[in-house]
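Per-entry structural report
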Amino acid sequence: MQNELHRASVWILGKWLGRITRYDDRADARTDLAEFGAFEANLAEVTVVDHGADFAVSRWGAEIGMLCGGNQRNRRLSELPQPSRGQLRRICVRAMMSRAPAGERAIWAVRGGIWECVMLALPAAGNEDGVSHLLIALLFAPHPLFTDPFQSEEAARAIATPSIDG
């Protein structure tokens, strides 16, 4: 599973980097989540609020909502349930302050399952004053130590990790 999550993270970073190099003026560029194909459901877009004290969710994918308590659109990250609240805010602050991608790995226990997670925060728009929007990616898969012993590896991988080829 870790290999699949790593490959998916690298693919998303490559798409993000390609997008950044296409737009010279990132302040007005709106992130088209559809560019990320099957991973669109694993993405959210947030706006920096109060100089980075919090982040308001403007768009929210269905899969990211599975681990974060549903669709969080028009809410702030500070209102999300734990464990997503603290960890997503932390990587958003790191990405905003460094003006560079930030990532973190975690293991979450949510809805009776144990999930291996990779979180990315990618600056999506900004100006000379700083980053104003971030793209968040939350990739997850069943933790290999806690998967159903009767489930095939391919079926477990398909639960939460979209195909990179799509």
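Residues numbered from 1 in each chain as written. Predicted model: local features only at pLDDT ≥ 70, side-chain atom pairs only at ≥ 80, totals over all residues. Heavy atoms only, no water.

1. Overview of the overall build of the protein chain
Tallying secondary structure elements over the protein chain gives four helices and five strands in all. When the helices and strands of the protein chain are placed in sequence order, the string is α-β-β-α-α-β-β-β-α. Long-range contacts, defined as pairs at least 24 residues apart, comprise 52% of the intrachain contacts of the protein chain with a sequence gap of at least 6. Carbon and sulfur atoms make up 51% of the accessible area of the protein chain, which amounts to about 8,200 Å² in all. (Helix = DSSP H or I, 4+ residues; strand = E, 2+ residues; numbered from the N terminus. Contact = heavy atoms within 4.5 Å. Areas by Shrake-Rupley, 256 points an atom, 1.4 Å probe, with all protein chains shown as cover.)

2. Notes on the nonpolar core
Within soluble globular proteins, side chains that are nonpolar tend to cluster in buried spots. In terms of nonpolar packing, the biggest core is built from 29 residues, with Leu-77, Trp-108 and Leu-138 touching the most fellow members. Among the secondary structure elements, those contributing two or more residues to this core are β1 (43-49), β2 (54-60), α2 (62-68), α3 (84-98), β3 (102-110), β4 (113-127) and β5 (130-142). Contact partners of Leu-138, with chain neighbours within four places excluded, come to Asn-42, Ile-64, Leu-67, Cys-68, Trp-108, Cys-117, Val-118 and Met-119. In terms of nonpolar packing, the next biggest core, distinct from the first, is built from 17 residues, Ala-8, Trp-16, Leu-43 and Ala-141 among them. (Core = buried A, V, L, I, M, F, W, Y, C linked by side-chain atoms within 4.5 Å. Buried < 20%, exposed > 50% of the residue type's maximum accessible area, 1.4 Å probe, protein only.)

3. Quick notes on the pattern of salt bridges
What the rule picks out here adds up to eight salt bridges. A salt bridge links Arg-75 to Glu-79; the nearest nitrogen and oxygen atoms lie 3.2 Å apart. Owing to a relative accessible area of 32%, Arg-75 belongs among the partly exposed residues under this scheme. By sharing partners, the salt bridges in this structure join Arg-90, Arg-94 and Glu-104 into a single network. (Salt bridge = Lys/Arg side-chain N within 4 Å of Asp/Glu carboxyl O.)

4. Side note on the pairing of β1
Burial analysis of β1 places six of its seven residues in the buried class, the great majority of the element. As defined by bridge partners, β1 adjoins β2 across six bridges and the pair is classed as antiparallel. Opposite Val-46, over in β2, you have Val-57 as the bridge partner. (Pairing = 2+ DSSP bridges.)

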